[in-house]
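Structural overview for review
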Amino acid sequence: MLQEHAKIVDFIATAEGIAGRKKMQKMIYILKKLGVPFQEKYEFHIYGPYSEELTARVEELCDMGFLLEELEDKGSYVQYKYTVTQEGAEFRNTLKESILDSPEVAGKLNSKSSRFLELTATLLYFDHMEREEQIEKLHIVKAKLNFTPEEIKEAYAFIEELRQ
Amino acid sequence: MDYASQKLKEEKVFKDPVHRYIYVRDQVIWDLVNSREFQRLRRIKQLGTSYLVFHGAEHSRFSHSLGVYEIVRRISDDMFHGRPEWDESERLVVLCAALLHDLGHGPFSHSFEKVFHVDHENFTREILLGDTEVHKILTKVGADFPKKVAEVIAKTYSNKQVVSLISSQIDADRMDYLQRDAYYTGVSYGHFDMERILRVMRPLEDQVVIKASGMHAVEDYIMSRYQMYWQVYFHPVARSAEVILRKILQRAKELHDSGYEFAQPPTHFEAFFDRTFTLKEYLALDEGVMMTYFQLWMTESDPILSDMSDRFVNRRLFQYVDFDPGKDYRKLGELASLFKKAGIDPDYYLVDDSTSDLPYDFYRPGEEGERLPIHLLMPNGEIKELSRLSQIVEAISGKRRTDYKLYFPAELLVDGKKKAIKQQIVEMLKEGGV
């Protein structure tokens, strides 16, 4: 019961908190694409793959008191930071086993910028296409972000690293 | 004449209770409507299990898809036609995307997708790009045409005006389903002045905006949507039927995995249980097929599968209570233990369900949500986000409403064996302490 909620809490606890809604969205999408059993449904939105269900679930977890949402003023924008509360840590224990086989994956994802995760998630969204077509599509849907060939290469390498 | 511009000798019309008539002149559209994959939508209800609450809600995804097509046809041919900011060459792609946007929906989609971890959008793409009648028809327009239609539906198409007509906070999909679902459920919500909205829609740069003079019609549309969600789409009794439907599929899968010998083998489901399904197997499923299995499973020897099937077919649904998961999740664990002691499997007979909706939201630079806002076009050419001008919309912007329910079979707790434990369960449920 409430196992899908518990998976989110478990992941945020493993990542030792996540700064940024966009970042959290992309981290979970990337893991889902790599076979981690998150059940939230994703669609393509402004910043690439996005799950309304995940947004709802995180808001619910904040209302339940299992997650703490803090606002950080970054000057030109605000950023939301999520951490697991004491009550949330207890709730996490209702999960039979951790969502991640190797917890260090959470740290690897968390160490990346949200721009890089947006790029990686978008490439994964198009993974049913040939690589050349994926990159072409990336430049169409993310024209304003001007991703460089180096960034794209790095994103593919990162995907490979996560797959191992 | 090339296939893309071929017109029917005589215009075809569908009589429709929402739009009165739906007009088809393009050969491509007519051929798509007559394809196997599109006709299959006649056998999938638009509102899933809601017919068990609103008996009129038996309408199909076929009629909704035609309705979305008709709204987009009117926008493209009547409202946007001749406007310099609208690219006329997009007409056919947007009409096809409107008609086909729900093509990948399966029977009782919501439950089916949850249990089998599939996504109807992937099936839509497969139908458009795979070996299907629809694909053959679209390919006659152009080799890359099926891909273009698929991109519009997946929201990755380069022309954002085209995408937003099918999918945005004020799109043809929502405008049709709100009115259609209101009509067939018989509720008095869901009505708004679509005529007015269509007349004030304008293509502008990479979006579709609404003339400020149409703001009140848009307010009405947003409030209609809000009311429909809470009065119809999230109706707790329809959710009870959804819960039971999920449990039937979950049980059938569990039995299959454990090697149980079905009296009626679940042939149509086996590929989904084993995750080896193909598009052909997906398309072979519809609600008629599923209901037939449920009727046959009512006599299976497995007591859970037969009971759940009987509950769905004969509308013996679960009761429900409100609960606050933040406060009560531990009690939920206690309750599950009591169910076990009472000989009732909590995995099937004690089910929590939550649902939530965000009626309207707008993009704020930085870290907020990802919804494209509704923009109003002011008389001086300026663009303003809707909630900045509308107090009604401002009041509900960004405010999510969530509802939690706990479902259980009340009649199994009334009498029989282990009465004392059952009484304890009933007391806990009555207290609202879960």
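Above: the structure in question.
Predicted model, so just to flag it, every value in this text is computed and none were measured.

**With respect to the environment of Gln227 of chain B**
- The residue Gln227 of chain B is located in helix α12 (residues 215–233) in this model.
- Distance in space between the C-alpha atoms of Gln227 of chain B and Arg125 of chain B is 32 Å, their sequence separation being 102 residues.

**Description of the interface of chain B and chain A**
- Opposite the 21 residues of chain B that make contact, chain A presents 29 residues.
- Sorting the residues of the side of chain B that touches chain A by element identifies α18 (325–341) and β6 (351–357) of chain B as the ones contributing at least two each.
- Of the residues in the side of chain B that touches chain A, the class split is 7 nonpolar, 8 polar and 6 charged.

**So, unusual backbone geometry**
- With a phi angle near 55°, Glu16 of chain A is a residue other than glycine that sits in the positive phi range.
- Tracing the sequence through the fold places Glu16 of chain A in the loop between α1 (3–14) and β1 (18–19).
- With 12 C-beta atoms packed within 10 Å, Glu16 of chain A lands in the exposed category.
- A positive phi is found at His117 of chain B, a non-glycine position, where the angle reads about 50°.
- Note on placement: His117 of chain B falls in the loop between α5 (109–116) and α6 (120–129).

**Quick word on the sheet that holds strand β3 (residues 201–204) of chain B**
Residues and elements named next belong to chain B.
- If you walk across this open sheet you meet the 4 strands as β3-β4-β7-β8, and the pairing is mixed. This sheet does not close on itself; its edge strands, each paired only once, are β3 and β8 (383–385). Within the sheet, the average angular offset between the axes of one strand and its neighbour, ignoring direction, is 45°.
- Here 3 bridges tie strand β7 (residues 375–377) to β8, and the two strands are oriented antiparallel to one another. Bridging from a neighbouring strand, Leu376 pairs with Lys384 of β8.

**Quick look at the packing of helix α10 (residues 172–185) of chain B against α12 of chain B**
All names here are of chain B.
- Where α10 contacts α12, the axes come no closer than 11 Å and their chain directions differ by 50°. On the basis of their axis angle, the class for α10 and α12 is oblique. The two elements α10 and α12 meet at a crossing, and its hand is left-handed. Residues Arg174, Leu178, Asp181, Ala182 and Thr185 of α10 form the contact with α12, whose own contacting residues are Ser224, Arg225, Met228 and Val232.
- Each residue belonging to the contact of α10 with α12 can be placed in one class, and the counts come to 4 nonpolar, 2 polar and 3 charged.

**Considerations on the environment of Pro265 of chain B**
- When you line up the elements, Pro265 of chain B lands in the loop between α13 (236–257) and α14 (267–273).
- In this structure the C-alpha to C-alpha distance between Pro265 of chain B and Tyr293 of chain B, which are 28 residues apart in sequence, comes to 9.2 Å.

Criteria and cut-off values
- Residues numbered from 1 in each chain as written.
- Chains lettered and ligands numbered in written order.
- Predicted model: local features only at pLDDT ≥ 70, side-chain atom pairs only at ≥ 80, totals over all residues.
- Helix = DSSP H or I, 4+ residues; strand = E, 2+ residues; numbered from the N terminus.
- Contact = placed C-beta atoms within 7 Å.
- Nonpolar A, V, L, I, M, F, W, Y, C, P; charged D, E, K, R; others polar.
- Buried ≥ 20, exposed ≤ 12 C-beta atoms within 10 Å, placed from the backbone.
- Pairing = 2+ DSSP bridges.
- Axes fitted to C-alpha atoms, helices over the stretch in contact; angles between N-to-C directions.
- Parallel < 35°, antiparallel > 145°, perpendicular 65-115°, else oblique.
- Left-handed = near helix turned anticlockwise from the far one by under 90°.

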